[in-house]
There are 4 protein chains.
Amino acid sequence: MISKFFKLEQEKRERILNAATKEFGEKGFGNASTNEIVMEAGISKGLLFHYFTNKKGLYLFLYDYYVELMVDELFTKLDLEDGDILSKWRRIGWLKFELMKRHPEMFDFLKSVYEETDSEVKSELEKRNYDVIETSYAKILSNIDTSLFKPNIDIGRAINIIIWTLEGYGNQQKILTKNTPMDLLNIEKLIEGMDEYIEMLKSMFYK
Amino acid sequence: MISKFFKLEQEKRERILNAATKEFGEKGFGNASTNEIVMEAGISKGLLFHYFTNKKGLYLFLYDYYVELMVDELFTKLDLEDGDILSKWRRIGWLKFELMKRHPEMFDFLKSVYEETDSEVKSELEKRNYDVIETSYAKILSNIDTSLFKPNIDIGRAINIIIWTLEGYGNQQKILTKNTPMDLLNIEKLIEGMDEYIEMLKSMFYK
Amino acid sequence: MISKFFKLEQEKRERILNAATKEFGEKGFGNASTNEIVMEAGISKGLLFHYFTNKKGLYLFLYDYYVELMVDELFTKLDLEDGDILSKWRRIGWLKFELMKRHPEMFDFLKSVYEETDSEVKSELEKRNYDVIETSYAKILSNIDTSLFKPNIDIGRAINIIIWTLEGYGNQQKILTKNTPMDLLNIEKLIEGMDEYIEMLKSMFYK
Amino acid sequence: MISKFFKLEQEKRERILNAATKEFGEKGFGNASTNEIVMEAGISKGLLFHYFTNKKGLYLFLYDYYVELMVDELFTKLDLEDGDILSKWRRIGWLKFELMKRHPEMFDFLKSVYEETDSEVKSELEKRNYDVIETSYAKILSNIDTSLFKPNIDIGRAINIIIWTLEGYGNQQKILTKNTPMDLLNIEKLIEGMDEYIEMLKSMFYK
DNA sequence: AATGAATGAGCATTCATTCAT
DNA sequence: TATGAATGAATGCTCATTCAT
């Protein structure tokens, strides 16, 4: 039935999407209320279930929808050939900050997905994660130019440190800017901060 | 009424504690069912509320209980005077792995606390967090021996990289060993793996 | 949501109304069971709360409903211009006996309202009472023809005696006929009895 | 078991009595909480049920206790030989106002008894009422000096008017003084007001 | 396609009463 | 005599889901 959802007029489709994204993002799967969603979207109870069968169906649809959106974004705007993992990850960070500004609700939703504890939904989620996320990661990390690294560096571990550091920085900034409206977010500043870490990592790991 | 809870025979007390910890850890505050808890604990509905007033009371009790347990563990077995932040954090990692083996449910519970979205409980949680967690962090990071670091290293950022890396490693191992029964967990192996990162960090940051 | 209640088919609407009126009338607000009401009405738990939000909402709806019904009855069928307070109050008595025959449950319900002790409902009740009841009383007592009274009679007190006497008679008859099925109630007899008191009061107070 | 209750030290007995009277008076039988009562009285749950078997037993004990207290008061201080029903009823009014000042909680309790809707308690209450109240009323009304009345007056009805009027006045004053602390109640004023009605009734009914 | 009335299992919480100590 | 831990049925209320229209 989900296929029919795309035949809806765009405006209504977005109203539903936004309402559901917001509700799930704020409250998580279990505590989100379909009532709230239909009220916010201005549609009837029945229609929601007509398209998505049940709450879980709606949730997983949103998940797939946003994962696809992110992956598309990533692989359209990322130079996969770039062997410099640091510059590549810098680019990823930039794309993420950009997306965060354009689709803040999406990030809240995806964060809630990561933290999802509801067992009936978690296993389904993990199944889907595996494929897309795993292969995306693999692609990104596939053609690393190892000649950039100093000799005697364990490159696998170095890459982990790079990823953990940049993720750690991202999370730290998210918490610090929690109360800043997304449209006022100063991405240049965030990137600058990120660059300082990248410089450190570069001088440590690169020749 | 919580004070009376401690006067219960140990076995029953633990049954209640374990049942609640497990249920909250698996489902989060909002979706956890007190019904499930009393059934698992083998006590009556009324008794739970006799001790903890309401669901929120039980949740926050568990939180306080485990935070105290962790803080006690940390500050009893940690040499706060040690200025070597890397060796100190190594010790923290070891203590965490140890605790994870002895109280695996506690970690799931505390993780669920961190991810809690339920607003009626979140504000209360944040209030409590502030004091204990913040001051604990401050104490641990208070007397760092900066003379150990290479010159020209931004020590603040270095410490962040250290923390993010070791946390990243911990999370990675948690996911990888998710299906290993906790009592079969090979802590020595985990520590060995951690030590490899610590060695890297040491050669990067220390003289 | 109450507005939707009136769009229900009459038969179901009355089943709900009657069940709730009876339950509240018998047990008062606090001890009435919404479970009992839905079972008696033959509807689901959810539906009741769909229409009335909560128990209090249902109770206050019934109160408003019956007060309006009584006030309508009173002011449609009562000659407010009649300055003869005794003949006017006789008419009121008659209308009350009539209503009691047609809507016996309503009287039990309204009696239970008057005696309500539940604090969360009492204040709301008093707020509503004030307006309608107070102004109704005022209207009824507004244009009394004082020239009908003997001189030297304290008319204010005389009117109180009239009201208390006729109310006293009403209550007495209610108790005496408690076990008589309402449809067998001989209103003519009741009115006759009332008339005897009215004659006494007339000879005492009127010229 | 109730007999044993009287063997308790007076102070504890009164704490229990007062707590129960207050709770029932405020909330009625059904909504009163035995928990509240034992907490207020400072005794254990078990003790209450040891003496009174169940909530109903406690309630009916209090009822019997206060009815006896009132009847004692009435028949000790009332001149039953007095054939002047108006002066006798004046005396009753005075005694009631006096009691109201000394035992305000008792009146709230007895009022709540009168309004009791709980069916399991109501029938029991009615059984007990019948005996004591009925015979008390009979005694008071037994030796009325009918020669005081004007001829052609229906004395039965006249007495009803007297009772309803004085009761009406009492209730009216109760409502008007609802917010006056009992110890500030100006009984002389209340009696004065009552006397005005008594004078009217006298001039209406007596030679 | 779209509605929203209707369902009923599920929820947290209360409370009179019991009983081992 | 006195305690208070323990019970479990009952309470008001919510919510995903169904289905006749």
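Look a little higher up for the structure.
Summary of the structure given here.

Procedures and definitions
- Residues numbered from 1 in each chain as written.
- Chains lettered and ligands numbered in written order.
- Predicted model: local features only at pLDDT ≥ 70, side-chain atom pairs only at ≥ 80, totals over all residues.
- Heavy atoms only, no water.
- Contact = heavy atoms within 4.5 Å.
- Buried area = accessible area lost by both parts, 1.4 Å probe.
- Salt bridge = Lys/Arg side-chain N within 4 Å of Asp/Glu carboxyl O.
- Polar contact = N/O pair within 3.5 Å; in protein donor to acceptor, adjacent residues only side chain to side chain.
- Helix = DSSP H or I, 4+ residues; strand = E, 2+ residues; numbered from the N terminus.
- Nonpolar A, V, L, I, M, F, W, Y, C, P; charged D, E, K, R; others polar.
- Near = heavy atom within 4 Å.
- Least-squares fit on C-alpha atoms with pLDDT ≥ 70 in both.
- Expected span 1.5 Å × (residues − 1).
- Buried < 20%, exposed > 50% of the residue type's maximum accessible area, 1.4 Å probe, protein only.
- Axes fitted to C-alpha atoms, helices over the stretch in contact; angles between N-to-C directions.
- Parallel < 35°, antiparallel > 145°, perpendicular 65-115°, else oblique.
- Phe/Tyr/Trp six-rings, centres within 6.5 Å; stacked < 30°, edge-to-face > 60°.
- Lys NZ or Arg CZ within 6 Å of the ring centre and 35° of its normal.
- Lys, Arg positive; Asp, Glu negative; His and termini not counted.

### A closer look at the interface of chain A and chain B
Right, so step 1: Of the residues lining the interface, 26 residues belong to chain A; the matching set on chain B comes to 27 residues.
Right, so step 2: Interface area, chain A with chain B, both sides summed: about 2300 Å², of which 59% is carbon and sulfur.
Right, so step 3: On the chain A side of the interface with chain B, the three residues burying the most area are A:Arg157, A:Trp164 and A:Met200, jointly 27% of the side's total.
Right, so step 4: For the salt bridge of A:Glu196 with B:Arg157, the shortest nitrogen-to-oxygen distance reads 3.6 Å.
Right, so step 5: Our count for the chain A to chain B interface comes out at 2 residue pairs in polar contact (both at pLDDT 80 or more).
Right, so step 6: Those elements giving two or more residues to the side of chain A that touches chain B turn out to be helix 2 (10-31), helix 9 (155-176) and helix 10 (187-205) of chain A.
Right, so step 7: Element by element, the count of residues in the side of chain A that touches chain B is highest for helix 9 of chain A, at 9 residues.
Right, so step 8: Looking at side-chain class alone, the side of chain A that touches chain B contains 10 nonpolar, 8 polar and 8 charged residues.

### Considering the protein's contact with DNA strand F
Right, so step 1: Taken together, 37 residues are adjacent to DNA strand F, and A:Thr34, A:Lys45, B:His50, B:Tyr51 and C:Lys55 come closest.
Right, so step 2: When the atoms of DNA strand F within 4 Å of the protein are sorted by group, sugar and phosphate make up 62%.
Right, so step 3: Of the residues in the surface near DNA strand F, the class split is 11 nonpolar, 16 polar and 10 charged.

### Looking at the relation of the copies chain C and chain D
Right, so step 1: Overlaying chain C on chain D yields an RMSD of 0.5 Å, the required transformation being a rotation through 178 degrees with an accompanying axial translation of 0.1 Å. Each copy turns onto its partner about a two-fold axis.
Right, so step 2: A share of 96% of the interface residues of chain C reappears at the interface of chain D, consistent with the copies meeting face to face through the same patch.

### Some thoughts on helix 6 (residues 85-102) of chain D
Residue and element names in this part refer to chain D.
Right, so step 1: Helix length check: helix 6, at 18 residues, gives a terminal C-alpha distance of 25 Å against a target of 26 Å (1.5 Å per residue), a fit within 8%.
Right, so step 2: Within the span of helix 6, buried status applies to Ile85, Leu86, Lys88, Trp89, Ile92, Gly93, Leu95, Phe97, Leu99 and Met100.
Right, so step 3: In this structure Asp84 caps helix 6, since a side-chain oxygen of it lies 3.0 Å from the backbone nitrogen of Leu86.

### Considering the packing of helix 10 (residues 187-205) of chain C against helix 9 (residues 155-176) of chain D
Right, so step 1: Between helix 10 of chain C and helix 9 of chain D, the least distance of the axes is 11 Å, while the angle of their chain directions is 80 degrees. One finds that helix 10 of chain C runs roughly perpendicular with respect to helix 9 of chain D. Of the residues in helix 9 of chain D, those touching helix 10 of chain C at C:Glu196, C:Tyr197, C:Met200 and C:Leu201 are D:Arg157, D:Ala158, D:Asn160, D:Ile161 and D:Trp164.
Right, so step 2: Among the residues making up the contact of helix 10 of chain C with helix 9 of chain D, the classes are represented as 6 nonpolar, 1 polar and 2 charged.

### Regarding the relation of the copies chain A and chain B
Right, so step 1: When chain A is brought onto chain B, the operation consists of a screw motion whose angular component is 177 degrees and whose axial shift is 0.1 Å, with 0.6 Å RMSD remaining.
Right, so step 2: Counting the interface residues of chain A, we find that 96% of their copies in chain B are interface residues as well, pointing to one common contact surface.

### Points about the environment of D:Gly30
Right, so step 1: With respect to the element layout, D:Gly30 can be found in helix 2 (residues 10-31).
Right, so step 2: Separated by 121 residues in sequence, D:Gly30 and D:Pro151 have C-alpha atoms that sit 50 Å apart.
Right, so step 3: Aside from chain neighbours lying at most four places away, what touches D:Gly30 is C:Asn31, D:Lys55, D:Glu116 and D:Asp118.

### Remarks on the packing of helix 3 (residues 34-41) of chain B against helix 4 (residues 45-52) of chain B
Residues and elements named next belong to chain B.
Right, so step 1: Across the interface, helix 3 lies against helix 4 with an axial gap of 9 Å and an inter-helix angle of 105 degrees. In terms of orientation, helix 3 and helix 4 fall into the roughly perpendicular class. For the pair helix 3 and helix 4, the contacting residues are Thr34, Asn35, Ile37 and Val38 in the first and Lys45, Leu48 and Phe49 in the second.
Right, so step 2: Taken together, the residues of the contact of helix 3 with helix 4 sort by class into 4 nonpolar, 2 polar and 1 charged.

### What about the interface of chain C and chain D?
Right, so step 1: With 28 residues of chain C at the contact, the number on the chain D side is 27 residues.
Right, so step 2: The junction of chain C with chain D conceals about 2300 Å² of combined surface from both sides, 59% of it contributed by carbon and sulfur atoms.
Right, so step 3: The largest contributions to the chain C side of the interface with chain D come from C:Arg157, C:Trp164 and C:Met200, which together make up 28% of the buried area.
Right, so step 4: Counting every contact that joins chain C to chain D gives 2 salt bridges.
Right, so step 5: Applying the counting rule to chain C against chain D returns 2 residue pairs in polar contact (both at pLDDT 80 or more).
Right, so step 6: Ranked by residues supplied to the side of chain C that touches chain D, first place goes to helix 9 (residues 155-176) of chain C with 9 residues.
Right, so step 7: When its residues are assigned to classes, the side of chain C that touches chain D shows 10 nonpolar, 9 polar and 9 charged.

### A short note on the packing of aromatic side chains
Right, so step 1: Considering all chains together, one arrives at 76 aromatic pairs over all chains under this definition.
Right, so step 2: Aromatic pair D:Phe5 and D:Tyr51: ring centres 5.8 Å apart, planes at 70 degrees, arrangement edge-to-face. Of this pair, D:Phe5 sits in helix 1 (residues 2-5) while D:Tyr51 is found in helix 4 (residues 45-52), placing the two residues 46 residues apart along the sequence.
Right, so step 3: Judged by relative accessible area, which is 11%, D:Tyr51 ranks as buried.
Right, so step 4: The ring of C:Phe29 carries C:Lys55 above its face, with NZ or CZ at 4.9 Å from the centroid.
Right, so step 5: The aromatic ring of C:Phe75 is capped on one face by C:Lys139, whose charged end is 4.8 Å from the ring centroid.

### Thoughts on the side chain of D:Lys88
All names here are of chain D.
Right, so step 1: On the secondary structure map, Lys88 appears in helix 6.
Right, so step 2: In this structure, Lys88 is buried with no salt-bridge partner, the nearest side chain bearing the opposite charge being Asp82 at 6.7 Å.
Right, so step 3: At 2.6 Å, the side chain of Lys88 forms a polar contact with the backbone oxygen of Ile140.

### So, the environment of A:Phe6
Residues and elements named next belong to chain A.
Right, so step 1: Within the secondary structure layout, Phe6 lies in the loop between helix 1 (2-5) and helix 2.
Right, so step 2: Residue class for Phe6 comes out partly exposed when judged on its relative accessible area of 43%.
Right, so step 3: Note: C-alpha distance between Phe6 and Tyr51 (45 residues apart in sequence) is 9.9 Å.
Right, so step 4: Those residues in contact with Phe6 that lie beyond four places of it in its chain are Arg13 and Phe61.

### Some details on the protein's contact with DNA strand E
Right, so step 1: Close contacts around DNA strand E come from 37 residues, with B:Lys45, B:Lys55, C:Tyr51, D:Thr34 and D:Lys45 the closest.
Right, so step 2: Within the contact set of DNA strand E, a base oxygen lies 3.3 Å away from a side-chain nitrogen or oxygen of B:Lys45.
Right, so step 3: In this structure, B:Lys55 approaches DNA strand E through a main-chain N or O atom, which is 2.6 Å from a phosphate oxygen.
Right, so step 4: Going through the elements one at a time, helix 4 (45-52) of chain A, helix 3 and helix 4 of chain B, helix 4 (45-52) of chain C together with helix 3 (34-41) and helix 4 of chain D are the ones with two or more residues in the surface near DNA strand E.
Right, so step 5: Residue composition of the surface near DNA strand E, by class: 11 nonpolar, 16 polar and 10 charged.

### Description of helix 9 of chain D
Residues and elements named next belong to chain D.
Right, so step 1: Taking 1.5 Å per residue as the helical rise, helix 9 with its 22 residues ought to reach 32 Å, and the 31 Å between its terminal C-alpha atoms agrees with that figure.
Right, so step 2: Taken residue by residue, helix 9 has Ala158, Ile159, Asn160, Ile161, Ile162, Ile163, Trp164, Thr165, Leu166, Gly168, Tyr169 and Gln173 as its buried positions.
Right, so step 3: With a side-chain oxygen lying 3.1 Å from the backbone nitrogen of Gly156, the N-terminal cap of helix 9 falls on Asp154.

### As for the pattern of salt bridges
Right, so step 1: Tallying each qualifying case throughout the model produces 45 salt bridges over all chains.
Right, so step 2: With a closest N to O distance of 2.3 Å, A:Arg128 and A:Asp64 form a salt bridge. Note that A:Arg128 is positioned in helix 8 (residues 119-140) and A:Asp64 in helix 5 (residues 55-77), a separation of 64 residues in sequence.
Right, so step 3: Judged by its relative accessible area of 28%, A:Arg128 is partly exposed.
Right, so step 4: Under the relative-accessibility criterion, A:Asp64 is labelled partly exposed at 30%.
Right, so step 5: Notably, a salt bridge pairs C:Glu124 with C:Lys127, separated by 3.7 Å at the nearest N-O pair. Highlighted residues: C:Glu124 and C:Lys127, both in helix 8 (residues 119-140), separated by 3 residues, approximately one helical turn.
Right, so step 6: What makes C:Lys127 exposed here is its relative accessible area of 55%.
Right, so step 7: Here the salt bridges do not stand alone but share partners, grouping A:Asp64, A:Glu124, A:Lys127 and A:Arg128 into one network.

These values are about where atoms sit, not about what they do.
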